[in-house]
Structures are given as C-alpha cells and as structure tokens.
Amino acid sequence: MLLKIIVLTVIVIAVWHGFKFVGRLDSQRKAKLARQASEDAKIITDTVQCPTCNAYVNAAAPGSCGQADCPY
Ligand SMILES: [Zn+2]
C-alpha cells in the first residue's frame, strides 16, 4: 500500500514537471514569435506609387526610378 502511494506521488510529480516543461517551451515559442513579429514590423515600410512609371517607392525616402520625368 505504501509503495502504491509512493509510485503515485512520483507519477504526479513527473506529470506536474512535464506540464511545467511544456509550458516553458510554449512561452519561449510565443516570445520568439513576438520578437520576430516586431522585427518584421520594422522592415515593412509604406510605399507610394510613382504616377509616371507606376513603380512603388519608399514613402519615407522616395528615390528616382531613373526615368527622366520621374517626380522623385
Ligand atoms: Zn518614377
């Protein structure tokens, strides 16, 4: 009877630690995803379409597409 209680206690502790481990992996994964999302957000910039050549240029720092009548 005592052995059964000990074995049951060990199983409960093992399962508890297993859930803690899975929870830690999950939170690490979520933190990684959040970090990647914020890095992706930094890369994305607004673009505006050039009326002359229809090319999309960076709205923050528009550069000429090379055509003579390009407004940028
Ligand atoms: Zn242009």
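Visitor: Honestly, the overall build of the chain in this entry has me stumped. Any pointers?
Guide: Looking only at helices and strands, the chain features 1 helix and 2 strands. For the chain, the N- to C-terminal ordering of α and β elements is α-β-β. For a compact globule of 72 residues, the expected C-alpha radius of gyration is about 11 Å, and the chain comes in at 28 Å, more than 25% above that figure. With respect to the three principal axes, the spread of C-alpha positions in the chain is 90 × 15 × 15 Å. Within the chain, buried positions represent 6% of all 72 residues. Pairs at least 24 residues apart make up 3% of the contacts formed inside the chain by residues separated by at least 6 positions.

Visitor: In this structure, what is going on with the packing of aromatic side chains? I would like to understand it.
Guide: Aromatic ring pairs are reported here in terms of the distance separating the ring centres and the angle at which the planes meet. Across all of its chains, the model carries 0 aromatic pairs by this definition. Directly above the aromatic system of Trp16 lies the positively charged group of Lys20, at a separation of 4.6 Å from the ring centroid.

Visitor: Can you walk me through the pattern of salt bridges in this structure?
Guide: Once the charged atoms of two side chains with opposite charge are near each other, the side chains can pair. Enumeration over the complete set of coordinates arrives at 2 salt bridges. Between Arg29 and Asp26 there is a salt bridge, with the nearest N and O atoms lying 2.7 Å from each other. Linking Arg29 with Asp26, this pair stays in helix α1 (residues 2-43), spanning 3 residues, or about one helical turn. The class for Arg29 is partly exposed, based on a relative accessible area of 46%. By relative accessible area, which is 27% here, Asp26 ends up partly exposed. Taking the shortest distance from any N to any O, the salt bridge between Asp26 and Lys30 comes out at 3.3 Å.

Visitor: What am I meant to see in the confidence of the model for the chain here?
Guide: Reading fine detail from the predicted coordinates is not recommended where pLDDT is low. With 100% of its residues at a pLDDT of 70 or more, the chain shows a mean pLDDT of 88. Mean pLDDT across the elements of the chain ranges from a minimum in strand β2 (residues 56-58), with 84, to a maximum in α1, with 92.

Visitor: Can you walk me through a nonpolar patch on the surface in this structure?
Guide: On the surface, Leu3, Val7, Ile11, Val15 and Phe19 cluster together to form a nonpolar patch covering roughly 510 Å² of accessible area. Among the structural elements, Ile11 can be located in helix α1.

How each quantity is defined
- Residues numbered from 1 in each chain as written.
- Predicted model: local features only at pLDDT ≥ 70, side-chain atom pairs only at ≥ 80, totals over all residues.
- Heavy atoms only, no water.
- Helix = DSSP H or I, 4+ residues; strand = E, 2+ residues; numbered from the N terminus.
- Rg over C-alpha atoms; globule rule 2.2 N^0.38 Å.
- Buried < 20%, exposed > 50% of the residue type's maximum accessible area, 1.4 Å probe, protein only.
- Contact = heavy atoms within 4.5 Å.
- Phe/Tyr/Trp six-rings, centres within 6.5 Å; stacked < 30°, edge-to-face > 60°.
- Lys NZ or Arg CZ within 6 Å of the ring centre and 35° of its normal.
- Salt bridge = Lys/Arg side-chain N within 4 Å of Asp/Glu carboxyl O.
- pLDDT = per-residue confidence, 0-100.
- Patch = residues over 30% accessible without salt bridge, like charges linked within 9 Å, V, L, I, M, F, W, Y side chains within 5 Å.
- Areas by Shrake-Rupley, 256 points an atom, 1.4 Å probe, with all protein chains shown as cover.

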